[in-house]
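Secondary and tertiary structure notes
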There are 2 protein chains.
Amino acid sequence: MTETENKRQKTDVKYELLYHPGIPGRGEYVRLALEATGTPYRDVANQEKSGYDKVQKVMDPKSTGDDHGNPPAFAPPMLKIHGAGKDGADLVVSQTPNILLYLARPLNLAGSAEQDLYLANSLALTALDLSNEAHDTHHPIAGVKYYEEQKEAALEKSKDFRENRIPKYFSYFERVLKGNEAQGKGKYLVGASLTFADTTLWQVVDGVSFGFPKEVKARRKDYPLLFDTFYAGLKQEKWLEEYLKSDRRLEYSMGVFRHYPELDRQ
Amino acid sequence: MTETENKRQKTDVKYELLYHPGIPGRGEYVRLALEATGTPYRDVANQEKSGYDKVQKVMDPKSTGDDHGNPPAFAPPMLKIHGAGKDGADLVVSQTPNILLYLARPLNLAGSAEQDLYLANSLALTALDLSNEAHDTHHPIAGVKYYEEQKEAALEKSKDFRENRIPKYFSYFERVLKGNEAQGKGKYLVGASLTFADTTLWQVVDGVSFGFPKEVKARRKDYPLLFDTFYAGLKQEKWLEEYLKSDRRLEYSMGVFRHYPELDRQ
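Here the residue numbers are simple positions, counted from 1 along each chain's written sequence. Chains carry letters from A onward and ligands carry numbers from 1 onward, assigned in written order. In keeping with the model being predicted, local features are shown solely for residues with a pLDDT of at least 70 and side-chain atom pairs are shown and tallied solely at 80 or more, while totals for entire chains, interfaces and linings include all residues. Water and hydrogen atoms were dropped before computing side-chain values, which therefore reflect all heavy atoms in the structure.

Looking at an unreviewed UniProt entry, chain A carries the name Glutathione S-transferase protein-like protein, with the source organism given as Myriangium duriaei CBS 260.36.

Here you go:
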């Protein structure tokens, strides 16, 4: 980024994503909604020097809220929207599905009919439940403990995740794509255009495929719409192709989706 | 219910709650929003003969959706809203936080300012995360297995839940109530009136207190706004007092919140 571009972003950008630096994590669901629509945003912890201090301030365990009337956040991601609060204050929205919901209509990711927002929201929430379950495969006991300290439970939980949960979720989304095929052509979950349910599910399928490559490889043939039409189809859209090549797309590491070979199909 | 009342409900009621019979569970979050506002609804599985068949049909693992253009549901609760779909069809909304969000504005549970909906939604989602974590204390490995089959992991997870998660969540909501005290008087999380964040948090606090009575008894003094003003205050509101005495309020049993003495503080 040139100095001029950097300065412009710092002063003009409406949306600030507040999340941990260095991992896609739950912040990725927000990034994809913004990227899909070419919406300018600043990824504070990754793009600003000392940006993570700003993130931590919003979730300070002693905070009762900020000067703009926003309550404290329980956990990241948060989205700060300049001037969108009461009397032109900054609004801070937290909770991943809530941020997606907030962005859906302004970013034109809410479908065309009034009801589509709620159909998309139910699907985004279900995809995020799968994301949480994927996280819990490596941390079934406690988020504050290391994976190695809960490995035995992780092995057991991963077995259930692979054998029961993955097919249950994948079958569900396959059926939703099928039910909407006349409009969505297998590429969109709701109606005939991209919604935040699609961007969210895409990332979850990508993340689960990263974490459990052997399991997904063995099962993907059972879900042709989900993998061949939806997942592969979106991946070929220009915005996503470009984003995945950019340095804004972070590599999976120690976040929600992790690849521990022993947790995958043997 | 008299026969006439029963008949009236069956024919005229706009909202049908579709959930498992016999437990409060996640359906309770929807019930409380409806009860708080005196909104007529039918609790299908508990009030209709063969009602549970209707619930199961919506989440049939082979369904690709219904004749009204609704996608299948992944899991209950669902809310059917007569005539609210496209061209006057019935709309079926799934996912607990999505149902609450759908009801918030029509039921006047969304606060007064435009932004309050999103603040309430972030708090309701956070309360529901606590609800999910409470569930996972007795089912840390697999939902399809019995508690007894995962008791060792449950003991470990419950220890973390009691020592780390309960204080983290309770402190968070105490601070939110504190930050909004000028308007909410410690009784409301957002603004000066009841929102779906309040009804949801109330039920989660009630459920966690049921599941972990010793732990909550030992800790509640650290959260005076949450327990003395918010929880006890709402419990004295007429609608909630009456609802809790009614036969519509189901007893805790083998649902989200369970009381296993060995998982509580010893």
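Don't stop here, the text continues.
We now examine the side chain of Thr39(A). All names here are of chain A. Runs of E in the DSSP output that reach at least two residues are strands. Runs of H or I that reach at least four are helices, and both are numbered from the N terminus. Within the fold, Thr 39 resides in the loop between helix H2 (27–36) and strand S2 (41–43). A 1.4 Å probe rolled over the protein chains alone gives each residue an accessible area, and that area as a share of the maximum for its type sets the label: buried under 20%, exposed over 50%, partly exposed in between. Note on Thr 39: relative accessible area 14%, which makes it buried. In this analysis, two residues are considered to be in contact whenever any of their non-hydrogen atoms come within 4.5 Å of each other. For Thr 39, the residues in contact, after removing those within four places along its chain, are Tyr 15, Leu 34 and Leu 107.

UniProt positions are given in the numbering used here, feature names are shortened, and annotations may be inferred rather than shown by experiment. Here the UniProt feature "domain: GST N-terminal" (unreviewed entry) sits at residues 14–111 of chain A. In residues 14–111 of chain A, the share of helix is 32% and the share of strand is 15%. The end C-alpha atoms are 23 Å apart.

UniProt records the feature "domain: GST C-terminal" (unreviewed entry) for residues 113–263 of chain A in the present numbering. Counting secondary structure, residues 113–263 of chain A comes out at 66% helix and 0% strand; the distance between its end C-alpha atoms is 42 Å.

A few words now on the sheet that holds strand S1 (residues 15–18) of chain B. All names here are of chain B. The pairing criterion for strands is at least two bridges between them, as found by DSSP. Strand order in the open sheet formed by four strands is S2-S1-S3-S4, and the pairing between neighbours is mixed. Each edge of the sheet is formed by a strand with only one pairing partner; in this case those strands are strand S2 (41–43) and strand S4 (91–94). Averaged over neighbouring strand pairs, the angle between their axes works out to 20 degrees when direction is ignored. Axis definition: a line fit to C-alpha positions, over the contact stretch in the case of helices; interaxial angles, taken between N-to-C directions, run 0 to 180 degrees.

Another point: the sheet that holds strand S1 (residues 15–18) of chain A. Residue and element names in this part refer to chain A. Read across the open sheet, the four strands follow the order S2-S1-S3-S4; overall the sheet is mixed. Strands at the two margins of the open sheet, each flanked by one partner only, are S2 and strand S4 (91–94). Averaged over all neighbouring strand pairs, the angle between strand axes comes to 20 degrees, with direction disregarded. The pairing of S1 with strand S3 (residues 78–81) spans four bridges and is classified as antiparallel. In the sheet register, Glu 16 faces S3, and the bridge partner there is Lys 80.

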